[in-house]
Amino acid sequence: MGQLRWLPLLAPLLLLRPPGVQSADPIQAFVVPHSHMDVGWVYTVQESMQAYAANVYTSVVEELARGQQRRFIAVEQEFFRLWWDGVASDQQKHQVRQLLEEGRLEFVIGGQVMHDEAVTHLDDQILQLTEGHGFLYETFGIRPQFSWHVDPFGASATTPTLFALAGFNAHLGSRIDYDLKAAMQEARGLQFVWRGSPSLSEQQEIFTHIMDQYSYCTPSHIPFSNRSGFYWNGVAVFPKPPPDGVYPNMSEPVTPANINLYAEALVANVKQRAAWFQTPHVLWPWGCDKQFFNASVQFANMDPLLDHINSHAAELGVSVQYATLGDYFRALHALNVTWRVRDHHDFLPYSTEPFQAWTGFYTSRSALKGLARRASALLYAGESMFTRYMWPALRGHLDPAWALQQLQQLRWAVSEVQHHDAITGTESPKVRDMYVTHLAAGMLGVRKLMVSIVLDKLQPQAPTAASSGAGPAGHFALVYNPLAWTVTTIVTLTVGFPGVRVTDEAGHPVPSQIQNSTETPSAYDLLILTTIPGLSYRHYSVRPTAGAQEGTQEPAATVATTLQFGRRLRRRTSPAGRHLVPVANDCYIVLLNQDTNLMHSIWERQSNRTVRVTQEFLEYHVNGDVKQGPISDNYLFTPGKAAVPAWEAVGMEIVAGQLVTEIRQYFYRNMTARNYTYAIRSRLTHMPQGHDGELLCHRIEQEYRAGPLELNREAVLRTSTSLNNQQVIYSDNNGYQMQRRPYLSYVNNSIARVMLHRRLSNNFDWDLGYNLTLNDTSVVHPVLWLLLGSWSLTAALRQRSAVALQHRPVVLFGDLAGTAPKLPGPQQQEAVTLPPNLHLQILSIPGWRYSSNHTEHAQNLWKGHRGEAQADLRRVLLRLHHLYEVGEDPVLSQPVTVNLEAVLQALGSVVVVEERSLTGTWDVGMLHRWSWRTGPGRRRGDTTFPSRPPGGPIITIYPKEIRTFFVYFQQQ
């Protein structure tokens, strides 16, 4: 939910017809009843269920059953599932099934939530769609075919590809830049065929409808009343419904005295909208946030109004009908109109007015964003680890039902937080706390599951924890690689002793380094170099030692040498680099300016090129008083002036070790400050001989520390280089594709729009009324990997590096007592390995209770066999993603053919491979998406997936394709 501009209806006497529509062409208005329910924004899910959400479904189901002409669309699944599982009676459940069968109740999108499109990752978008679609298909045998993405703050070019892969026939959005929307309205260009992926192009295109300036809410102003129009049930009241049933701001009831006025107002608005679209079919959304909690009064007023308009259709020039979104799109599709094509460009950033750029939410509640990403990565690892535990045969004592419960809890938590008022940081503090609680509980459950899997593999005689009364003899660390590639990387553990001996599962010494911790006093960072095959683990023993032995690393003072540089004052002009300190590995030499303690330049060895690079922290001082001008808040970033340096002095340490050299820069607000507000920790890795660490060598890992901030400050890290980029940068769309962004000169809001952290307070009534404060005193630690090199080098490494950063190895750390626990070494595990241009997007056991044969599943539902089936543990969900665009790399951009029997042989003998739609609910052989005419002769009937050999384990995946499969193995 965000701020909407309420626009008045046109005067009733204004009569407009769209260009190209003759006077004889009737305008048909499709009135789509809906409730935008906002899973978590100002109130928690439990509070919303009590106040209004449960009543929406209870009253809507009751009222739809009373009028055959009535319709309703349901969007997000979280509230509906809570109502279905905990509120709905058997009779109501029967009515829901009947309404769905008749097409009078329709689920659109069907995901757990309506996810944000700017700050979410593709993996998590797919997850939340899969969770919602799985529930709907398992429960009702239905598969949503249309999207209703009306409230995310801007639109990503990933979205059309995602929804096309999910099997949708059409997509509806709303929030795009206000001036662009005005231009598109004028040109009747709000409807188009969107080809979001340059590599997939028309293969995964989707028809897209952008709502006009009124957006998804019914226009509230009516000229004959001082109350809002068409909201007869008023506004929801918290914490629970009023006992007398009287709600604030209830619209005037429709009566014989005012029905003509109501009809004229609605018809005028329909005609105004018709002028902005290409056909005489007009979508008229009826509803808004938290509406239809009393559907009885809503329909009781709208029924006679629609009847009145239709009885005067000839003179009014408009006919009206209740409709689902599918009704509207089917009517539009039947017209066989030729539509414009939009390419792979997105609709970001989003602005609503000249000084309202909605880019603040990119960084609002950075700590929540970080927690959500860590939870997603842990879930990803837990899914594949459990799948490997179950196949080729379950030999341990773990209860699979309990394991699925742990995974399901985190699936829901990660899905929930993708909501456009969750991960965006635009929710109230108590709702933020709700998300944190759900994520923390889910992460704890999956960690317990992973530990249980490990303990189940331990040899019985091996002790795993310190015995009573005795201190630990050291630590053991199990490091799991969740990627289907062999990964060479550094893992960091925190230990309490300065001298250690690190050995692997075979007892061999392991390259390692110990140094003073930057975050934990009296503790040490232990860095271990590890190489782990795909979907496998390594086990290490870490023991304290008193003297130097083979494999022993002593404290940082002797092994990781620390060079300290005193604080340097900020200078208005930086010296030209008279005193440069080099830090090198096999790929780079980083030169640090000893006069400023800032980075000076980087020499990249392969291209033999030096690039000037400087980094510093700056802050925007923003206004919090609406009387003094535009403000920044959870949504908006509205700086009044350019950013200023947030530091006066910089201290620096260089910690040099055999594995890693670490550059630590500390930024102080002034020369006498005791504590630093910002820090950069940069790592360059030195690869020992015999290790293949291409990705590791070519990245400079930087971890930033920002906070706590002063009030009304927005913090940025500015990286300046001597590269001539022609004022063009490339930014990421949801971890799926890159967007080319040339410099644009803005008359308003001309300042840069991306930051690290923010802390805000303002006196805007809207923010105060909903407690949307952002007085965030947290400290955040974002991590970035810097790759520098030729276009060919970075193009080859960037995609895999992004995935490796997203899914770093998971470390399970515990105490030892006596003998180390024995686990199979890598030579005893059979790896799962994919080619370097393919990413294993998911390998899991969903536990769905439906047959993948649609006819069989439909028959089971029709016979009433619901909830009787057990979770299917045989079905493995596999999703593969080609990482590269067409032409991006001469080798890695090629189609790749893999034999799933060979790739998955570690899990057993593959018996059946079924290709499915993105969320698994369609057999792709049965999925026939609509085609929309885009030029003469371009309409070919229904769109199908590219021609592929039927079934079989050998598959070819083309650039940017995402392919989903059900895989069944031979049971042992």
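What counts, and where the lines are drawn
Residues numbered from 1 in each chain as written. Predicted model: local features only at pLDDT ≥ 70, side-chain atom pairs only at ≥ 80, totals over all residues. Heavy atoms only, no water. Core = buried A, V, L, I, M, F, W, Y, C linked by side-chain atoms within 4.5 Å. Buried < 20%, exposed > 50% of the residue type's maximum accessible area, 1.4 Å probe, protein only. Helix = DSSP H or I, 4+ residues; strand = E, 2+ residues; numbered from the N terminus. Disulfide = S-S within 2.5 Å. Phe/Tyr/Trp six-rings, centres within 6.5 Å; stacked < 30°, edge-to-face > 60°. Lys NZ or Arg CZ within 6 Å of the ring centre and 35° of its normal. Contact = heavy atoms within 4.5 Å.

### What about the nonpolar core?
So, point 1. Core analysis: the largest hydrophobic core is formed by 142 residues, its most contacted members being Trp83, Phe230, Trp286, Met302 and Leu305.
So, point 2. A total of 12 residues in this core trace back to one element, the largest contributor, which is helix α11 (residues 366–390).
So, point 3. Core analysis: the next-biggest nonpolar cluster, separate from the first, contains 42 residues, Met114, Leu325, Tyr736 and Trp930 among them.

### A closer look at the state of the cysteines
So, point 1. Using the criterion set out here, one finds 2 disulfides in the structure.
So, point 2. Through a disulfide, Cys217 is tied to Cys288; the S-S separation comes to 1.9 Å. When the S-S torsion is 60°, as for the bridge of Cys217 with Cys288, the disulfide is right-handed. Of this pair, Cys217 sits in the loop between β6 (206–210) and α7 (259–274) while Cys288 sits in the loop between β7 (281–286) and α8 (295–311), and the two are 71 residues apart along the sequence.
So, point 3. For Cys587, the disulfide goes to Cys697, at an S-S distance of 2.1 Å. Taking the sign of the S-S torsion, 125° for the link of Cys587 and Cys697, the bridge is right-handed.

### Focus on the packing of aromatic side chains
So, point 1. On inspection of all chains with the given rule, the structure shows 61 aromatic pairs.
So, point 2. When the ring of Phe163 is compared with that of Phe168, the centres are 5.0 Å apart and the planes differ by 35°; the resulting orientation is tilted. Taken individually, Phe163 and Phe168 each receive the classification buried, so the pair is uniform in this respect.
So, point 3. Between Phe192 and Phe347, the aromatic rings sit 6.3 Å apart at their centres with planes inclined by 40°, giving tilted as the arrangement. Highlighted residues: Phe192 in strand β5 (residues 191–194) and Phe347 in the loop between β9 (340–342) and β10 (351–353), separated in sequence by 155 residues. The residues Phe192 and Phe347 share a single accessibility class, namely buried.
So, point 4. Every member of this aromatic cluster is reached through a ring pair, and the members are Phe72, Phe224, Phe230, Trp232, Tyr262, Trp284, Trp286, Phe292, Phe299 and Tyr322.
So, point 5. One residue, Arg875, lies across the ring of Tyr850, its end atom 4.7 Å from the ring centre.
So, point 6. Taking NZ or CZ as reference, Lys960 lies 4.5 Å from the ring centre of Tyr736, over its face.

### Points about the environment of Ala484
So, point 1. Residue placement: Ala484 occurs in the loop between β12 (474–480) and β13 (487–495).
So, point 2. As a C-alpha pair, Ala484 and Gln841 span 357 residues in sequence and 9.4 Å in three-dimensional space.
So, point 3. Contact partners of Ala484, with chain neighbours within four places excluded, come to Gly534, Val832, Thr833, Leu834 and Leu840.

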